[in-house]
Amino acid sequence: MINYSDTHKAIQSWYLAHGRVDLPWRNTRDAYAIWLSEIMLQQTQVATVLARFYFPFLQRFPTLKVLADASEEEVLKAWEGLGYYSRARNLHKAAKMASPHLPCTVEGLLALPGIGRNTAHAVASFAFGLPVPVMEANVKRVLHRVFARERMRDAELWDAAEVLLDREDPFTHNQAMMDIGNYVCTSKQPKCLVCPLSAICEGKAAWERYPARKEKKVTPLRERIILVPVTPDGRYWLSPRETKLLGGLYGFPEFAKGEAITWKGQEVQALSLIPLGGVTWTYSHFKLQGEVYLLPVEPQGENSWYTREDITQLPLAGVDLKIVEMLPHDSALARKPSR
Ligand code: SF4
């Protein structure tokens, strides 16, 4: 078995000199704050999380208990703009299950919604110092190259990460591996000369082969008609979505292009619609292209009517924030109700 102790020392030295040691979630042992950063960073860049989301969220929900006691709507509102809202819903559910403290074992963490092996290992090693590796996209690339492998299955990647792990200092090792992947072993032009893994790296002479490139998938397009019901006095109709993707976030009625458009049980006449423009939004597995129309109507006796100002207090998905920007500032456009 190879002795990696020199490599561990090289990784530690590199991290102290060049790693992002200043990141706030690397300067705390608060498992809640670390877990929050891990969830936010799953699909969002460090710079965005730092600039707009991490601190405001912690200020609003400073502890696991405060988060657990909040409503889902409050949590979704604080998550607005970050996307991938199932992360926020699971964060909230997990907080309710674990409050007042997150579990300090990998098994305990894995039992919570929204926590997979990588997140569990990250929290376990960063907050509790447990000797378990992390596995995000940058680490995967480094492992493919260090072990000169074109394709590794998940189980093989975890095995390789375990082999390489510095069990004496998993915190530094894991943080360093992510940074090395991000700044040194980049997908193009890796800086092998200054890489702390260079001495053991089997793939550096032909790094471009590892990992083998995947064929790019074509993103499917979903074309939608989006209606914005509006009353003559400028109130709009929205309701919480019930879809898996955007559940809990408020949205306008949406229809597949070509299907009959009905609202409140009545067919909508195309001539009654007022075009507002087009919106596009790219999700992880499809692209939405929507035509947005105002639908002038008489107000009906229910609570789903909101002024433009009221709408800003509701949790909205990115695409709906764009639609709100398109709404007229007065109700002049909507003066002629169709029914
Ligand atoms: S030596 Fe080069 S290819 Fe190998 S891990 Fe370091 S940067 Fe990547």
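Residues numbered from 1 in each chain as written. Predicted model: local features only at pLDDT ≥ 70, side-chain atom pairs only at ≥ 80, totals over all residues. Heavy atoms only, no water.

**Student:** I'd like a description of the packing of helix H1 (residues 5-18) against helix H11 (residues 170-184), backed by residues and values.
**Tutor:** Relative orientation of the contacting elements H1 and H11 amounts to 70°, with a least axis distance of 9 Å. As judged from the angle between their axes, H1 and H11 are roughly perpendicular. Two secondary-structure elements touch here, H1 through His8, Ile11, Gln12, Trp14 and Tyr15 and H11 through Thr172, His173, Gln175, Ala176, Met177, Asp179, Ile180 and Val184. Classifying every residue of the contact of H1 with H11 gives seven nonpolar, five polar and one charged. (Axes fitted to C-alpha atoms, helices over the stretch in contact; angles between N-to-C directions. Helix = DSSP H or I, 4+ residues; strand = E, 2+ residues; numbered from the N terminus. Parallel < 35°, antiparallel > 145°, perpendicular 65-115°, else oblique. Contact = heavy atoms within 4.5 Å. Nonpolar A, V, L, I, M, F, W, Y, C, P; charged D, E, K, R; others polar.)

**Student:** Run through H1, naming residues and quoting values.
**Tutor:** The end-to-end C-alpha separation of H1 is 20 Å, in line with the 20 Å expected for 14 residues at 1.5 Å each. For H1, the full list of buried residues reads Thr7, His8, Ile11, Trp14 and Tyr15. Looking straight down H1, one finds that the buried residues subtend no more than 130° of arc, so they occupy a single side. Along H1, the residues that are exposed and aim more than 90 degrees away from the buried face are Asp6, Lys9, Leu16 and Ala17. In this structure, the buried side of H1 is in contact with helix H10 (154-164) and H11. (Expected span 1.5 Å × (residues − 1). Buried < 20%, exposed > 50% of the residue type's maximum accessible area, 1.4 Å probe, protein only. Arc of directions from axis to C-beta.)

**Student:** Mind laying out the nonpolar core, listing which residues take part and the relevant values?
**Tutor:** Among the nonpolar cores identified, the biggest contains 96 residues, and Trp35, Phe57, Trp79, Leu143, Ile180 and Leu197 are the most heavily contacted of them. The element that contributes the greatest number of residues to this core is helix H2 (residues 31-41), accounting for eight residues. Among the domains, domain 1 (5-209) and domain 2 (221-334) are the pair contributing at least three residues each to this core. If you look at the next biggest cluster of nonpolar residues, it comprises 12 residues, including Trp237, Phe255, Ile261 and Trp263. (Core = buried A, V, L, I, M, F, W, Y, C linked by side-chain atoms within 4.5 Å. Domains from an automatic or database assignment.)

**Student:** Go over the domain arrangement of the protein with me, naming the residues and quoting the values.
**Tutor:** Each assigned domain of the protein is listed with its residue range as follows: domain 1 (5-209) and domain 2 (221-334). The straight-line distance from the C-alpha centre of domain 1 to that of domain 2 is 37 Å. Taken together, the contacts link eight residues of domain 1 with 16 residues of domain 2. Buried area between domain 1 and domain 2, both sides added, is near 880 Å², and the carbon and sulfur share of it is 52%. Counting across the domain 1 and domain 2 interface gives zero salt bridges. Between the two partners, domain 1 and domain 2, sit five residue pairs in polar contact (both at pLDDT 80 or more). (Buried area = accessible area lost by both parts, 1.4 Å probe. Salt bridge = Lys/Arg side-chain N within 4 Å of Asp/Glu carboxyl O. Polar contact = N/O pair within 3.5 Å; in protein donor to acceptor, adjacent residues only side chain to side chain.)

**Student:** Could you give an account of the packing of helix H3 (residues 46-60) against helix H5 (residues 72-79), naming the residues involved and the relevant values?
**Tutor:** Two elements in contact, H3 and H5, have axes separated by 10 Å at closest approach and are oriented at 155°. Relative to H5, the element H3 is oriented roughly antiparallel. As for the relative orientation of H3 and H5, their crossing is right-handed in sense. For the pair formed by H3 and H5, the contact residues are Phe53, Phe57 and Arg60 on the first element and Glu74, Val75, Ala78 and Trp79 on the second. The residue makeup of the contact of H3 with H5, split by class, is five nonpolar, no polar and two charged. (Left-handed = near helix turned anticlockwise from the far one by under 90°.)

**Student:** I'd like a rundown of empty space enclosed by the protein, residues and numbers included.
**Tutor:** One pass over the structure, following the stated rule, counts two cavities of 30 Å³ or more. Approximately 100 Å³ is the volume found for the largest cavity. What lines the largest cavity is a set of 14 residues, among which Arg145, Cys185, Cys192, Cys195 and Cys201 lie closest to the centre. Ranked by the residues each element gives to the lining of the largest cavity, the list is headed by helix H9 (residues 137-146), at three residues. (1 Å grid on protein atoms, 1.4 Å probe; cavity = no way out; pocket = protein on both sides within 12 Å on 5 of 7 lines; lining within 4 Å. Points joined across faces, edges and corners; volume = space filled by probe spheres on them.)

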